[in-house]
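Chain and residue survey
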There are 2 protein chains.
Amino acid sequence: MGRDLGVTAEKQDAFSEWYTQTILKAELIEYTDVSGCIVYRPGSFAMWETVQAFLDAEFKKLGVKNAYFPLFIPEKLLQQEADHIEGFAPEVAWVTHAGDSPLSERLAIRPTSETIMYQAFAKWIRSHRDLPLLLNQWTNVVRWEFKHPTPFLRGREFLWQEGHTAHATKKAAEKEVAVILDIYRRCYEELMAIPVLAGQKSEKEKFAGAEYTLSLEALFPNGKAIQACTSHHLGQNFSKAFDISFQNAQGEKEFVYQNSWGFTTRSLGVMIGVHGDDKGLVLPPRIAPIKVVVVPITFSKKPEASAQVLERARKLCAENNWHLDDRDHHSPGFRFSEWELKGVPVRIEIGPRDLEKDVVVVSRRDQEGKQEVPIAQAATVVDNLLEEIQASLFARAKEKLESSITDVSSREELKAVVSEGKLARAAWCGSVESEEEIKAATGAKSLNMQAPSDDACFVTGEPAQGVFVFGKSY
Amino acid sequence: MGRDLGVTAEKQDAFSEWYTQTILKAELIEYTDVSGCIVYRPGSFAMWETVQAFLDAEFKKLGVKNAYFPLFIPEKLLQQEADHIEGFAPEVAWVTHAGDSPLSERLAIRPTSETIMYQAFAKWIRSHRDLPLLLNQWTNVVRWEFKHPTPFLRGREFLWQEGHTAHATKKAAEKEVAVILDIYRRCYEELMAIPVLAGQKSEKEKFAGAEYTLSLEALFPNGKAIQACTSHHLGQNFSKAFDISFQNAQGEKEFVYQNSWGFTTRSLGVMIGVHGDDKGLVLPPRIAPIKVVVVPITFSKKPEASAQVLERARKLCAENNWHLDDRDHHSPGFRFSEWELKGVPVRIEIGPRDLEKDVVVVSRRDQEGKQEVPIAQAATVVDNLLEEIQASLFARAKEKLESSITDVSSREELKAVVSEGKLARAAWCGSVESEEEIKAATGAKSLNMQAPSDDACFVTGEPAQGVFVFGKSY
């Protein structure tokens, strides 16, 4: 593979350029004429399908059912909860015409579906026996951000699931909002090998309309933190605005307690950014669409030996569900580079000499070096290697995240820490004013609250809400 | 269940009212404030997931890969193929503003994705080695129809899959377009127990931009035919408009041959309409989200016997993955009616007397009558019964479809046949003029071509293109 086909930017020194080259050259995305709207090519969409399968199975175990609500939300409906519309109005894409005709009321393309869903919840929920109501949908959403778009990480259209649930008691809702966050954590940590910080967002950073928001935060290689997903406890904010009430067992009217929670295609961008290296993608085996590629080495001058190699390679692939790359119009070296660029966790070479020795040559994507493995043991060795790679990617990223967190006790220390591309940790009061002050002085935002604290706030000296982590944020 | 909870309209006499009541009361859909945009509640969405799983597995066997292309298509791009834009322009929903800002170019919400996909195909396809390119996506699409919307059958937003493929030769493309139609046929016939007529659409009724369109057509109980799905051979119409070309093995430039094919949530409406009866839904077992419901009959005056009944019912449900309805705040009669309304194929009752005799009482939704079955044999009997119901629903619908087709040899005969709610069959030339003449004289459209023919056209006397079926169309 020539330089123009491979990634030419170094991840450490030119992260943005490296990221863009990697996702384009590894055939994960394609740009379109609409800024912020990308094509998810099969290479990335297959990973999204793996995320979907993981999360969907976990949701269903909780009794959550899938549904589908319309793309269009009438303007009046979107405005029904005051904080919510204030948060989303600047980013709404509006449909004003159909064919040649102007619409009588313009329609928002859903930026999120609270309003359209909760109008229906109000119709469906009558009695405590209708609760909990646990719905989820897998959809596209549109938020017309005016910041610079980056594929997966910040786009104007993205894919996600949004869960929306109604409960008879605050306790039941608060239990669920945490259970969901833990499912999200497992998806990041177990499937994508990304360590995350789980905690509660500050008052300023919570979802528009929520009582509080829980989040996962990850550390990006450029030293910035990135919000990985959120799970919101909405309290009774929406149920009062939409009149979602029920008769309890005593025959009294009560408003439901609600949650909403979402996981988006941003997760793919986080994974690409965290694990990749100068050669391109490095995919954790559990999410890699192709886990093992077999490259037979054949020689036109040795047709008989080559035919044997090819036959053996085919057999191995059929037996183990490995991917065969028999494109003999490309050199082995070209093919090796392409599979490295695409991040396939394990590569197996087999040539005439290997076959004579009854071995294959196995390489792992995340480390240098090759090993010869007897063919009879190849399946077992590779299965173990895949697990080892998964664990090793996670351990490396976890070490990096943990070592980047530094305790601070003043704004000056915080500023110094985040300017080095690290995360700062401190006991903090959590107030909106104080957050704005910190932002102005240091450029950092609060990420989330890691633990309660009895200490005083490092900014105001007032009692702390808890120990928060701060960082420059993507 | 009171009359107000059950379906009050008779299917035979008041089909539209019956259909609307059934889908609302069986909790399949909810209306929203936007006409033509409905909520797919879990009861219907679960069936769509079953359709998705069936089709997706078949597509993947063919090597088709899933991807995702943007919702928004710039106006200029949508106009790039002349017939295509002419067909879709009247139904396009336009986004003109984002937040408070007007957009520089208005954006179409995809009515179908040929144009946005083929712009990318032109970038990706260079060599014959890049072919075939076989992509599919599962998405929402918007067609702002001004006809009266009907849930599932005609809406402004619907869900579908759209496959888009590019081939080196016309032969390869034409083979695929027929293979896909057969997968669709199996989905209707094997999964949904709906017999269909497979064939080629007339020149007038083909897709805007296609060389020809294959379709499946079903017979609705109101005597109207309904187009069930389509598979289009696009020839080189789009590849020339979008410059999708490749170097063949001889180094010459050629344009690709393309297909596009789609299967929509309309299929659910067809199934509901064909199988339902005056009590509501009748679901074929293979697509029913709940295949078997167990209703324990308990008595507050017999607490001990009731506890035993409940325990046995729970055990049966756990062993066989049946649904337990232990809502003892509703009478057994109420619960029976609700499961009938929801179309659950098999209902099992078990009460204290049944338990004494070691039997359960089994009813099938599609026929009257109950049978006592020894508990030890219940699982086997029910499994066989589910297969029998599936086969029986299909056979009944097939008999009805076949007996409704009548051969005709003049416009007068055709008019008489279709006015009785039947389908007419005749050798026909297939011309646009002749189709318009037939429509004006009889109210009928051609559905599709069933077979070649050496006969003369029943309208013009010219050589026939083939034997077509005609009917009033939904």
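Between chain A and chain B, which share one sequence, the superposing operator has a rotation angle of 180 degrees and an axial displacement of 0.0 Å; the RMSD is 0.0 Å. Put plainly, the chains are arranged around a two-fold axis. In terms of C-alpha distance to the rotation axis, chain A has V95(A) as its closest residue, with the C-alpha 2.1 Å off the axis. Interface overlap between copies: 100% of the residues of chain A at the interface are likewise at the interface in chain B, consistent with a symmetric, same-surface contact.

Looking now at the environment of V362(A). Residue and element names in this part refer to chain A. Mapped onto the elements, V362 comes out in strand β18 (residues 359-364). The class for V362 is buried, based on a relative accessible area of 2%. When neighbours within four sequence positions are excluded, V362 is seen to be in contact with V346, R347, I348, G369, K370, Q371, V373 and L385.

Let us now look at the interface of chain A and chain B. At the interface, 52 residues of chain A touch 52 residues of chain B. Summed over both partners, the interface of chain A with chain B buries about 4400 Å², with 64% contributed by carbon and sulfur atoms. When residues of chain A are sorted by the area they lose upon contact with chain B, Y68(A), F72(A) and W124(A) head the list and together hold 14% of the total. Between chain A and chain B we count 4 salt bridges in total. In this structure, the connection of chain A to chain B is made through 26 residue pairs in polar contact (both at pLDDT 80 or more). Ranked by residues supplied to the side of chain A that touches chain B, first place goes to strand β5 (residues 93-98) of chain A with 6 residues.

To continue, consider the sheet that holds strand β15 (residues 292-296) of chain B. Residues and elements named next belong to chain B. In space, the 5 strands of this open sheet follow the order β16-β15-β17-β18-β19, with mixed pairing throughout. The open sheet has two edge strands with one neighbour each: β16 (323-324) and β19 (370-374). Note that strand β17 (residues 346-350) and strand β18 (residues 359-364) share 4 bridges and pair antiparallel. Bridge assignment links R347 to a residue of β18, and that residue is S363. The strands that helix α9 (residues 303-320) touches are β15, β16, β17 and β18; relative to β15, the one it contacts most, it runs at about 170 degrees. Helix α10 (residues 332-341) contacts β15, β16, β17 and β19 of the sheet and is inclined by roughly 175 degrees relative to β15.

All names here are of chain A. Put simply, helix α1 (residues 15-25) and helix α8 (residues 266-275) touch, their axes get as near as 11 Å, and they point 115 degrees apart. By the angle between their directions, the pair α1 and α8 is classed as roughly perpendicular. Like other packed secondary-structure pairs, α1 and α8 cross with a definite hand, here right-handed. Of the residues in α8, those touching α1 at F15, W18, Y19 and I23 are G269, I272 and G273. Partitioned by chemical class, the residues of the contact of α1 with α8 number 5 nonpolar, 2 polar and no charged.

All right, on to the domain arrangement of chain A then. With domains assigned, chain A is organised as domain 1 (15-275), domain 2 (292-385) and domain 3 (405-471). For domain 2 of chain A and domain 3 of chain A, the distance between their C-alpha centres works out to 51 Å.

The next subject is the packing of aromatic side chains. Residues and elements named next belong to chain A. Across all of its chains, the model carries 46 aromatic pairs over all chains by this definition. Ring centres of F158 and W160 lie 5.9 Å apart, and the angle between their planes is 85 degrees; on these two criteria the pair is classed as edge-to-face. An angle of 20 degrees between the planes, with centres 6.3 Å apart, marks the rings of F238 and F242 as stacked. Relative accessible area serves as the criterion here: at 6%, F242 is assigned to the buried category. Linked through ring pairs, F69, Y118, F121, W124, F238 and F242 together constitute an aromatic cluster. One Lys or Arg, K11, reaches over the ring of W18 and ends 5.2 Å from the middle of that ring.

Parameters at a glance
- All residue numbers here refer to positions counted from 1 along the written sequence of the relevant chain.
- Chains carry letters from A onward and ligands carry numbers from 1 onward, assigned in written order.
- Thresholds applied to this predicted model are a pLDDT of at least 70 for local features of residues and 80 or more for the giving and counting of side-chain atom pairs; totals over whole chains, interfaces and linings are not thresholded and use all residues.
- Side-chain metrics rest on all non-hydrogen atoms present in the structure, leaving aside hydrogens and water.
- The copies were overlaid by least squares, fitting only the C-alpha atoms of residues that reach a pLDDT of 70 or more in each copy.
- Any two residues having at least one pair of non-hydrogen atoms within 4.5 Å are treated as being in contact.
- Each helix corresponds to a stretch of at least 4 residues labelled H or I by DSSP, and each strand to a stretch of at least 2 residues labelled E; elements are numbered beginning at the N terminus.
- Exposure classes here rest on a 1.4 Å probe applied to the protein chains alone. A residue is buried below 20% of its type maximum, exposed above 50%, and partly exposed in between.
- Put simply, buried area is how much 1.4 Å-probe accessible surface two parts lose in total, over both of them, once they are put together.
- Criterion for a salt bridge: a side-chain nitrogen of Lys or Arg within 4 Å of a carboxyl oxygen of Asp or Glu.
- Two N or O atoms count as a polar contact when they lie within 3.5 Å, although within protein this holds only if one can serve as hydrogen donor and the other as acceptor, and sequence-adjacent residues are included solely when both atoms are side-chain atoms.
- When DSSP finds two or more bridges between two strands, those strands count as paired.
- Lines fitted to the C-alpha atoms define the axes, with helices restricted to the stretch that makes contact. Angles between their N-to-C directions range from 0 to 180 degrees.
- Any angle between 65 and 115 degrees counts as roughly perpendicular, while under 35 counts as roughly parallel, over 145 as roughly antiparallel, and the rest as oblique.
- Less than a right angle of anticlockwise turn of the near helix away from the far helix marks a crossing as left-handed, whereas a clockwise turn marks it as right-handed.
- Any residue that is not Ala, Val, Leu, Ile, Met, Phe, Trp, Tyr, Cys, Pro, Asp, Glu, Lys or Arg is counted as polar, Gly included; the first ten are nonpolar and the last four charged.
- The domain limits used here are those given by an automatic or database domain assignment.
- Here a Phe, Tyr or Trp ring, Trp counted by its six-membered ring, pairs with any other such ring whose centre lies within 6.5 Å, and the pair is stacked when the planes are under 30 degrees apart, edge-to-face when over 60, and tilted otherwise.
- Whether a charge sits over a ring depends on NZ of Lys or CZ of Arg being within 6 Å of the ring centre and within 35 degrees of the ring normal.

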